[in-house]
Amino acid sequence: MVALRGREIDAFLARPDPARPIILLYGPDAGLVRERADALLASAVDDPNDPFSLVRLDGDELSAEPSRLVDEAMTIPRFGGRRAIRVRAGSRSFAGGIDTLADMPLKDCRIVIEAGELRAESPLRKACERAKTAVAIACYTDDAGAIARLIDSELRVSNLGIAADARAVLMSLLGGDRQASRNELKKLALYAHGAREVTLDDVMAVVADASELKLDPIIDGAFAGKPDLVETEFAKAMVAGTYPGMIISAAQRHAAWLHKNSLAVAEGAPVSSLLDSGFPRLHFSRKPSAEAALRNLSTARLAGIIEQLATAALETRKQATLAAAIAQRALMSIAVNAKRRG
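Residues numbered from 1 in each chain as written. Predicted model: local features only at pLDDT ≥ 70, side-chain atom pairs only at ≥ 80, totals over all residues. Heavy atoms only, no water.

**Topic: the overall build of the protein chain**
- The helix and strand tally for the protein chain stands at 17 helices and eight strands.
- Judged by the C-alpha coordinates and their principal axes, the protein chain covers about 75 × 45 × 30 Å.
- Here the protein chain, with 342 residues, has 48% of them falling under the buried criterion.
- In the protein chain, of all internal contacts separated by at least 6 residues, the share reaching a separation of at least 24 is 77%.
- Roughly 16,900 Å² of accessible area belongs to the protein chain as shown, and the carbon and sulfur atoms make up 53% of that amount. (Helix = DSSP H or I, 4+ residues; strand = E, 2+ residues; numbered from the N terminus. Buried < 20%, exposed > 50% of the residue type's maximum accessible area, 1.4 Å probe, protein only. Contact = heavy atoms within 4.5 Å. Areas by Shrake-Rupley, 256 points an atom, 1.4 Å probe, with all protein chains shown as cover.)

Below is the structure:
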């Protein structure tokens, strides 16, 4: 069974094993899947833009004729050189093609398969994990450590440091989709060009307020009991290509923040002082919505919402094709329930 973990993944991506030319990339972070696929394909052929060097196949089409994958893999380029095949897996299995290729020698041909979340019993995942010539690499959403390393690596290229408060807020805004996070960091570095370090104002200007992700209106609308606003802003986020899991993650962080402060209110702390304290500091534009949420939602109801969001987060990873519908349903449910006080 060849399913790489942790540092094994980094080592393989830096120097792919030629004895394992079939590579399955799968998981809930579609951006990380694309990023790793792009890197593997760029190192596999001399010119990724040459259609004779890089062949693109659709997994659902291959399911009707898995032998086509075998034919393409064994084809010798007319003008010589290395060759690669990029397969976008869908809902149908073409594992039979992998099983056939597992017993065949592939010369100067790399096959990169991109997929969403795959269960352990998925035919495609099982075929790649048991084949001696294949490897399976899971692409999960970045944890805090991975986000911190991504921030440092991207800002280092531009010789930029980052203030502590700016880092804390930035980390809360990234994650869910590696490519989206990297793009936001590139924008931030360009905005701060010429300065010594990125400030909190830079982050709020570029990532929090002006970025195409704009998650705050969705989250604040849900907890303030505004389903119409949630529906409108969620639709905008989907058009912008935002990963639904990122929205759920932001909602989970805000729910945890509200729950912590709800406990403080129950112990006698003034809401106004809570909104002006804490780290990272809540942006002034979000204070009215946060105050409404603390007024309308009890500590017990917030605990229930945290559980509801945890379930939604799990379901978005399990059912990637339904992630948008799952996330929207959870947020709309919170918004409708938040209209009721208590």
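Following the structure, the description resumes.
**A few points about unusual backbone geometry**
- Of note in this structure, D108 is not a glycine but carries a positive phi near 55°.
- Relative to the elements of secondary structure, D108 occurs in the loop between helix 5 (95–101) and strand 5 (109–114).
- Although it is not a glycine, N159 adopts a positive phi angle of roughly 55°.
- Structurally, the position occupied by N159 is in the loop between helix 7 (144–157) and strand 7 (161–162).

**Overview of the packing of helix 2 (residues 30–42) against helix 9 (residues 178–191)**
- Interhelical geometry of helix 2 versus helix 9 gives an angle of 80° and a closest axis separation of 5 Å. Relative to helix 9, helix 2 is oriented roughly perpendicular. Here helix 2 contributes G31, L32, R34, E35 and D38 to the contact with helix 9, which in turn contributes R178, Q179 and R182.
- A per-class count over the contact of helix 2 with helix 9 returns one nonpolar, two polar and five charged. (Axes fitted to C-alpha atoms, helices over the stretch in contact; angles between N-to-C directions. Parallel < 35°, antiparallel > 145°, perpendicular 65-115°, else oblique. Nonpolar A, V, L, I, M, F, W, Y, C, P; charged D, E, K, R; others polar.)

**Details of the environment of A136**
- Take A136: it is sitting in strand 6 (residues 134–138).
- When the C-alpha atoms of A136 and R119 are compared, they prove to be 12 Å apart, with 17 residues separating the residues in sequence.

**Side note on the nonpolar core**
- Membership of the largest hydrophobic core comes to 35 residues, with the highest contact counts inside it found for F223, I247, I248, I305, L309 and L331.
- Where this core is concerned, the elements lending two or more residues are helix 11 (216–223), helix 12 (227–239), helix 13 (244–266), helix 15 (287–296), helix 16 (299–318) and helix 17 (323–338).
- If we ignore the near neighbours within four places in the chain, the residues touching I247 are L215, I218, I219, F234, A237, M238, T242 and L331.
- Grouped together as the second largest cluster of nonpolar side chains are 29 residues, A73, L101, A115 and A138 included. (Core = buried A, V, L, I, M, F, W, Y, C linked by side-chain atoms within 4.5 Å.)

**Re the sheet that holds strand 3 (residues 54–58)**
- With parallel pairing, the six strands of this open sheet are ordered in space as 1-6-2-5-4-3. Two strands in the sheet have a free side with no partner beyond their single neighbour: strand 1 (3–4) and strand 3.
- Note: strand 1 against strand 6, two bridges, orientation parallel. Paired with A3 across the strands is A136, a residue of strand 6.
- Here helix 4 (residues 67–74) sits on the sheet and contacts strand 3, strand 4 (83–88) and strand 5; the angle it forms with strand 4, its principal contact strand, is near 160°. (Pairing = 2+ DSSP bridges.)

**Some words on the pattern of salt bridges**
- Inspection of the entire model under this criterion finds 15 salt bridges.
- Of the charged contacts in the structure, one is a salt bridge between R178 and E35, with a shortest N-O distance of 3.3 Å. Here R178 is found in helix 9, whereas its partner E35 is found in helix 2, with 143 residues between them in sequence. With respect to burial, R178 and E35 carry one shared label: buried.
- Between R125 and E129 there is a salt bridge, with its nearest N and O atoms 3.0 Å apart. With R125 and E129 both in helix 6 (residues 123–130), this residue pair falls four residues apart, about one helical turn.
- Taking relative accessible area as the criterion, E129 reaches 8% and is therefore assigned buried.
- Counted as one network, the salt bridges with shared partners bring together E35, D142, E154, R178, R182 and K186. (Salt bridge = Lys/Arg side-chain N within 4 Å of Asp/Glu carboxyl O.)

From the geometry alone we can't say anything about function, so treat these as descriptive.
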